[in-house]
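Structure at a glance
Chain residues, written in single-letter form:
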Amino acid sequence: MPAAERRFFTQSQGLSQDLVLSGTEHNHLANVLRLRVGDDIIIVCGDEFDYQYKITSITKSQTILSLAKKWRNEYNPKVRLTVYMGVIKHDKLALAVEKLNEIGVSRVVLFKSSRSQDLPIKLDKLQTIANQSCKQCRRSIPLRVSGVISFEELPKDAFFADEKSNTPPRFSGHPSLASAQARLISEGNLIVGPEGGFTDAEREQLRKTATPISLGRRILRSETAAIVGATLMLSKLGEI
Ligand code: SAM
């Protein structure tokens, strides 16, 4: 397996000459991938670099590494898309966070609204999923998960996924999107409702400040709407 495909994530920002891996990453390296002293691996740590390390020692509980070289990571998004998601069940959020990280979203912000479920939010676990997903998709800066904000705190300058909108799913060729489209240069916001959707009052409120978009005639689950909507916006932004 080439070094570029053996990727590991550590929490520390900025890596030093020698590095010690323990816990899950050590176990994966030593016992699952069965790497050996002298093998090269890539470490990412949430900054904009890939770090190539050589394995210098493997014990039962840790792997010791020595820095060989570093370079600027090529897979981080060049645009900044934030997806605001109404609170839904953890496993559905986990799926969305992993996929949104893969396609190049920069932030996921959770919000509560009238019909969002009152569920415990495991922000740390969601962030770990984003971090781990960097190993697969090769970005070095994971999307950041935050929240929970209120409906009133949602951004004014945004698109929102509105299943009752007639606006075509694509962002081109529709006059009402022209001005909103012009703002989609290097960043954007997408708002997706919870599984119960928005109330009529919330929809009216959103329509005053944000741009409604349809994602097609069928009603999508929240996590599907987040992934599809983000894909369309990242395409429009030139990231996909
Ligand atoms: N409860 C709503 C209903 O049955 O009419 C459906 C809500 S849907 C499961 C959850 C969220 O996904 C919506 O609030 C919306 O933001 C988004 N969504 C789902 N399908 C969509 C579509 N076809 N176009 C735009 N947004 C959609």
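For the structure given in this document, a descriptive report is provided here. (Residues numbered from 1 in each chain as written. Predicted model: local features only at pLDDT ≥ 70, side-chain atom pairs only at ≥ 80, totals over all residues. Heavy atoms only, no water.)

1. What to know about helix H2 (residues 90–103)
In this model H2 runs 20 Å from its N-terminal to its C-terminal C-alpha over 14 residues, within 8% of the 20 Å that 1.5 Å per residue would give. Those residues of H2 not exposed but buried are Leu-93, Ala-94, Ala-96, Val-97, Leu-100 and Asn-101. Projected down its long axis, H2 shows its buried positions confined to an angular sector of 165 degrees, all on one face. Of the surrounding elements, those touching the buried residues of H2 are strand E6 (80–86), strand E7 (107–112), helix H3 (123–137), strand E8 (144–150) and helix H6 (222–236). Note on H2: the residue one or two positions beyond its end, Gly-104, has a positive phi of about 115 degrees. (Helix = DSSP H or I, 4+ residues; strand = E, 2+ residues; numbered from the N terminus. Expected span 1.5 Å × (residues − 1). Buried < 20%, exposed > 50% of the residue type's maximum accessible area, 1.4 Å probe, protein only. Arc of directions from axis to C-beta. Contact = heavy atoms within 4.5 Å.)

2. Focus on the layout of surface pockets
Gaps left between atoms are located by rolling a probe of water-molecule size over the structure's atoms. A volume near 260 Å³ is recorded for the largest pocket. Surrounding the largest pocket, 20 residues form its lining, Ala-161, Glu-163, Ile-219, Leu-220 and Ala-225 being those nearest its centre. Residues that form the lining of the largest pocket fall into these classes: nine nonpolar, six polar and five charged. (1 Å grid on protein atoms, 1.4 Å probe; cavity = no way out; pocket = protein on both sides within 12 Å on 5 of 7 lines; lining within 4 Å. Points joined across faces, edges and corners; volume = space filled by probe spheres on them. Nonpolar A, V, L, I, M, F, W, Y, C, P; charged D, E, K, R; others polar.)

3. Some remarks on helix H5 (residues 200–209)
Listed as buried for H5 are Glu-202, Arg-203 and Leu-206. The arc enclosing the buried residues of H5, seen along the axis, measures out at 100 degrees, which places them on a common side. Those residues of H5 that are exposed and angled more than 90 degrees off the buried face are Asp-200, Ala-201 and Lys-208. Contacts made by the buried residues of H5 are with strand E9 (159–161) and strand E10 (187–192).

4. Overview of unusual backbone geometry
A cis amide bond, omega 10 degrees, links Gly-147 with the succeeding residue Val-148. Counting through the fold element by element, Val-148 comes out in strand E8. If you check the backbone angles, Arg-34 has positive phi at about 55 degrees while not being a glycine. Here Arg-34 shows up in the loop between helix H1 (23–32) and strand E3 (40–44).

5. Here we look at the site of the ligand
Around the ligand there are 18 residues in total, and Ala-161, Leu-215, Gly-216, Arg-218 and Leu-220 lie nearest to it. Ala-161 is positioned such that a nitrogen or oxygen atom in its backbone is 2.6 Å from an oxygen atom of the ligand. Within the complex, 84% of the 580 Å² of free accessible area of the ligand lies under protein. In a pocket analysis with a 2 Å cut-off to the grid points, the ligand is assigned to the largest pocket. Tallied by class, the residues present in the shell around the ligand amount to eight nonpolar, six polar and four charged. (Near = heavy atom within 4 Å. Polar contact = N/O pair within 3.5 Å; in protein donor to acceptor, adjacent residues only side chain to side chain. Areas by Shrake-Rupley, 256 points an atom, 1.4 Å probe, with all protein chains shown as cover. Sits in = over half its atoms within 2 Å of the grid points.)

6. Quick look at the side chain of His-26
Here His-26 is to be found in helix H1. In this structure His-26 comes out as buried when scored by relative accessible area, which is 4%. With residues up to four places along the chain from it excluded, the contact list for His-26 reads Leu-21, Asn-31, Ile-58, Thr-59, Lys-60, Ser-61, Gln-62 and Thr-63.

7. Some words on the pattern of salt bridges
The tally for this structure, following the rule as stated, stands at 11 salt bridges. Between Glu-98 and Lys-99 there is a salt bridge; the shortest N-O distance is 2.8 Å. In this structure Glu-98 comes out as partly exposed when scored by relative accessible area, which is 30%. Residue classification places Lys-99 among the partly exposed residues on the basis of a relative accessible area of 28%. The partner of Glu-195 in a salt bridge is Arg-221, and the shortest N-O contact between them spans 3.5 Å. (Salt bridge = Lys/Arg side-chain N within 4 Å of Asp/Glu carboxyl O.)

8. Some words on the packing of aromatic side chains
Using the criterion set out here, one finds four aromatic pairs in the structure. Judged by centre distance (6.2 Å) and plane angle (80 degrees), the ring pair of Phe-160 and Phe-198 falls under edge-to-face. Here Phe-160, found in strand E9, pairs with Phe-198, found in the loop between E10 and H5; they are 38 residues apart in sequence, far enough to count as distant. Judged by relative accessible area, which is 0%, Phe-160 ranks as buried. In this structure an aromatic cluster arises from ring pairing among Phe-111, Phe-151, Phe-160 and Phe-198. Just above the ring of Phe-49 sits the side chain of Lys-70; from NZ or CZ to the centre is 4.3 Å. (Phe/Tyr/Trp six-rings, centres within 6.5 Å; stacked < 30°, edge-to-face > 60°. Lys NZ or Arg CZ within 6 Å of the ring centre and 35° of its normal.)

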